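Notes for the structure review
Take a look at the letters that make up each chain.
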Amino acid sequence: MSRFFVDPDIAQARTLHTGFYTDPAVYAAAKEKIFARTWQLVGDVHLVAATGDCYPFTLLEKYLDEPLVLTKDKGGQIRCLSNVCTHRGTLVVDKPCTLPHLRCRYHGRQFQLDGRFHSMPEFKEVKDFPSAADDLVSLPLFQWGPLLFASLQADLQPAPFLQDMINRVGWLPLDEFVFSPKRSRDYIVKAHWALYCENYLEGFHIPFVHAGLNTVIDFGNYTTELFTYANLQLGIAKGEEDCFDLPASSPDYGKQVAAYYFFVFPNMMFNFYPWGLSVNIVQPVSMEECRVSFLTYVWKEALCGSGAGADLDTVELEDEAIVEAVQQGVKGRFYTQGRYSVTREQGTHHFHRIIAAFMDTSPS
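Residues numbered from 1 in each chain as written. Predicted model: local features only at pLDDT ≥ 70, side-chain atom pairs only at ≥ 80, totals over all residues. Heavy atoms only, no water.

Under an unreviewed UniProt entry, the protein has the name Aromatic ring-hydroxylating dioxygenase subunit alpha and belongs to Chitinophaga agrisoli. The record in UniProt for the protein states the following under Cofactor (unreviewed entry): "Fe cation". (UniProt positions renumbered as here; feature names shortened; annotations may be inferred.)

Dropping the structure here:
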């Protein structure tokens with residue numbers, strides 16, 4: 001039996017063994033076994049709005065540390081490319097810019113905006129050159145509204161991760177959602193990345209930890225729905241105010257929905273409120289630290305400041321305190337595994353099951 005086996009029967013199951021959070025070898029292995037084989041939100045279309053725009057970034061800095069670049073080619077297509085020159089490994093683009101083509105500053109190798117090799121000085125004598133190996137690697141890129149997702153795995157399909165969320169709230173005009181830098185920020189949490197995700201994945205703690213949120217959300221009608229690599233926690237409002245005006249085509253029509261809380265494995269959270277969207281990305285920094293980026297997209301400015309999404313900073317600080325306490329606890333010698341609430345911790349059980357499956361297979 002795998003070290004991280006989690007019984008599919010939640011009534012029988014025990015939680016992940018604490019070795020997942022405390023073993024350095026496991027933390028390192030999760031880079032390739034989990035994060036290199038899933039999707040990550042890498043930005044939105046406004047980063048490369050015009051033809052020739054280039055936006056370099058590091059995917060999961062301090063963990064995967066993969067240098068990538070978004071480009072918009074002459075055909076108007078947005079690409080996600082490796083930002084590493086195929087000659088000697090230099091970073092090709094070092095800052096956001098607009099270019100007719102990509103040119104390595106080290107020895108002048110040039111690439112088209114779609115990543116294909118273009119030219120290289122002093123290489124006339126090189127045999128069997130150029131070849132496909134001289135192109136920049138092009139990565140899978142998926143767009144939903146303005147949001148851009150990429151994966152390091154060439155053949156990975158986005159549907160098992162994202163389609164259930166898209167189907168559920170596809171009626172929302174995501175192209176009207178505007179990124180708000182002033183409402184966006186990063187939090188440094190002194191805890192393992194998975195512990196932060198686990199806390200998000202259950203509403204069990206809401207009455208005990210989030211007094212303010214508990215006055216808005218009807219905990220008795222709080223539900224969790226499980227998908228292949230995602231899940232939804234549906235927040236029902238106690239009153240009729242601060243709810244979505246749902247179309248008749250929505251499967252939730254007739255419900256007083258205050259919030260849609262979607263989790264997409266392994267580390268993305270999409271929180272839809274009547275005013276817009278708060279995306280939370282949990283980025284591993286070390287075994288005992290993660291960075292949580294809150295990215296805010298406003299749809300209806302007048303609705304900000306009310307309802308379930310009114311005071312996200314307070315809710316985050318409350319979660320932070322609890323998760324950091326769990327981080328201390330899982331290192332204790334007297335705790336190795338716990339049990340699940342059958343009615344309230346389906347999301348956490350599902351998350352642990354996915355982790356166990358990914359950790360038990362070899363990267364392709």
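1. Brief notes about the overall build of the protein
The secondary structure content of the protein amounts to eight helices and 18 strands. Here the C-alpha atoms of the protein give a radius of gyration of 22 Å, agreeing with the 21 Å that 2.2 N^0.38 yields for 364 residues. Dimensions along the principal axes, computed over C-alpha positions, put the protein at roughly 75 × 50 × 30 Å. Classification of the 364 residues of the protein by burial places 53% in the buried group. Considering only contacts within the protein whose residues lie at least 6 apart along the sequence, 63% involve residues at least 24 apart. With an accessible surface of roughly 16600 Å², the protein has 51% of that area assigned to carbon and sulfur atoms. Of the charged side chains in the protein, 31 are positive and 43 negative, and the gap between their average positions amounts to 6 Å. (Helix = DSSP H or I, 4+ residues; strand = E, 2+ residues; numbered from the N terminus. Rg over C-alpha atoms; globule rule 2.2 N^0.38 Å. Buried < 20%, exposed > 50% of the residue type's maximum accessible area, 1.4 Å probe, protein only. Contact = heavy atoms within 4.5 Å. Areas by Shrake-Rupley, 256 points an atom, 1.4 Å probe, with all protein chains shown as cover. Lys, Arg positive; Asp, Glu negative; His and termini not counted. Charge placed at Lys NZ, Arg CZ, Asp CG, Glu CD.)

2. Examining the sheet that holds strand β4 (residues 78-82)
Taken in spatial order, the four strands make up an open sheet running β4-β3-β2-β5, and their pairing is antiparallel. Strands at the two margins of the open sheet, each flanked by one partner only, are β4 and β5 (97-98). In the sheet, strand β2 (residues 53-59) pairs with strand β3 (residues 66-72) via six bridges, with the strands oriented antiparallel. Within β3, the residue paired with Thr-58 across the bridge is Pro-67. (Pairing = 2+ DSSP bridges.)

3. Looking at the state of the cysteines
A complete count under the given rule lists zero disulfides for this structure. Left without a disulfide partner, Cys-54 is nearest to the cysteine sulfur of Cys-97, which lies 4.6 Å away. Among the residues examined, Cys-54 registers a relative accessible area of 2% and is labelled buried. (Disulfide = S-S within 2.5 Å.)

4. A few points about the side chain of Ser-278
By the secondary structure assignment, Ser-278 is in strand β17 (residues 276-286). Look at Ser-278 and you get buried, because its relative accessible area is 1%. One polar contact links Ser-278 to Asn-280, side chain to side chain, over a distance of 3.2 Å. (Polar contact = N/O pair within 3.5 Å; in protein donor to acceptor, adjacent residues only side chain to side chain.)

5. Digging into the pattern of salt bridges
Tallying each qualifying case throughout the model produces 11 salt bridges. The shortest N-O distance in the salt bridge between Arg-116 and Asp-114 comes to 2.7 Å. Judged by relative accessible area, which is 45%, Arg-116 ranks as partly exposed. On the basis of relative accessible area, Asp-114 is assigned to the buried category, the value being 15%. Residue Arg-183 is joined to Glu-301 by a salt bridge in which the shortest nitrogen-to-oxygen separation is 2.5 Å. With Arg-183 in the loop between β11 (178-179) and β12 (185-189) and Glu-301 in the loop between β18 (289-298) and α7 (312-330), this residue pair connects regions lying 118 residues apart in the sequence. Given a relative accessible area of 31%, Arg-183 falls into the partly exposed group. Among the ionic contacts, a cluster of salt bridges with common partners joins Arg-168, Glu-225, Asp-252 and Lys-255. (Salt bridge = Lys/Arg side-chain N within 4 Å of Asp/Glu carboxyl O.)

6. What to know about the pairing of strand β9 (residues 141-144)
Pairing between β9 and strand β10 (residues 147-151): four bridges, direction antiparallel. When the bridges of β10 are listed, Leu-141 appears paired with Ala-150. In this antiparallel pair of consecutive strands, β9 and β10, the connection spans two residues, and Gly-145 shows a positive phi of 60°.

7. Points about the UniProt feature "domain: Rieske" (unreviewed entry) in the protein
Within this numbering scheme, the UniProt entry marks residues 39-140 as carrying the feature "domain: Rieske" (unreviewed entry). Structurally, residues 39-140 is divided into 0% helix and 33% strand, and its ends, taken at the C-alpha atoms, are 9 Å apart.

8. Notes on the nonpolar core
Core analysis: the largest hydrophobic core is formed by 61 residues, its most contacted members being Phe-20, Ile-34, Trp-193, Tyr-196, Phe-351 and Ile-355. Two domains each provide a minimum of three residues to this core, namely domain 1 (40-150) and domain 2 (159-360). If we ignore the near neighbours within four places in the chain, the residues touching Trp-193 are Phe-20, Tyr-27, Ile-34, Phe-35, Pro-266, Val-282, Pro-284, Cys-290, Phe-351 and Ile-355. (Core = buried A, V, L, I, M, F, W, Y, C linked by side-chain atoms within 4.5 Å. Domains from an automatic or database assignment.)

9. Structural notes on the domain arrangement of the protein
One can read the domain layout of the protein as domain 1 (40-150) and domain 2 (159-360). Taken together, the contacts link 13 residues of domain 1 with 20 residues of domain 2. Summed over the three residues of domain 1 that lose the most area to domain 2, namely Gln-40, Leu-41 and Trp-144, the buried surface amounts to 37% of that side. Summed over the shared surface of domain 1 and domain 2, the number is zero salt bridges. Where domain 1 packs against domain 2, one counts two residue pairs in polar contact (both at pLDDT 80 or more). Elements with a minimum of two residues in the side of domain 1 that touches domain 2: β1 (39-44), β9 and β10. Per element, the largest residue contribution to the side of domain 1 that touches domain 2 is three residues, and it comes from β1. Grouping the constituent residues of the side of domain 1 that touches domain 2 by class yields eight nonpolar, two polar and three charged. (Buried area = accessible area lost by both parts, 1.4 Å probe. Nonpolar A, V, L, I, M, F, W, Y, C, P; charged D, E, K, R; others polar.)

10. Let's talk about the sheet that holds β10
In space, the three strands of this open sheet follow the order β1-β10-β9, with antiparallel pairing throughout. Each of the sheet's edge strands pairs with one partner strand only, and the pair in question is β1 and β9. Put simply, the sheet's adjacent strands are angled 30° from each other on average, direction ignored. Across the sheet, helix α3 (residues 159-169) is in contact with β1, β9 and β10; its angle to β9 comes to roughly 15°. (Axes fitted to C-alpha atoms, helices over the stretch in contact; angles between N-to-C directions.)

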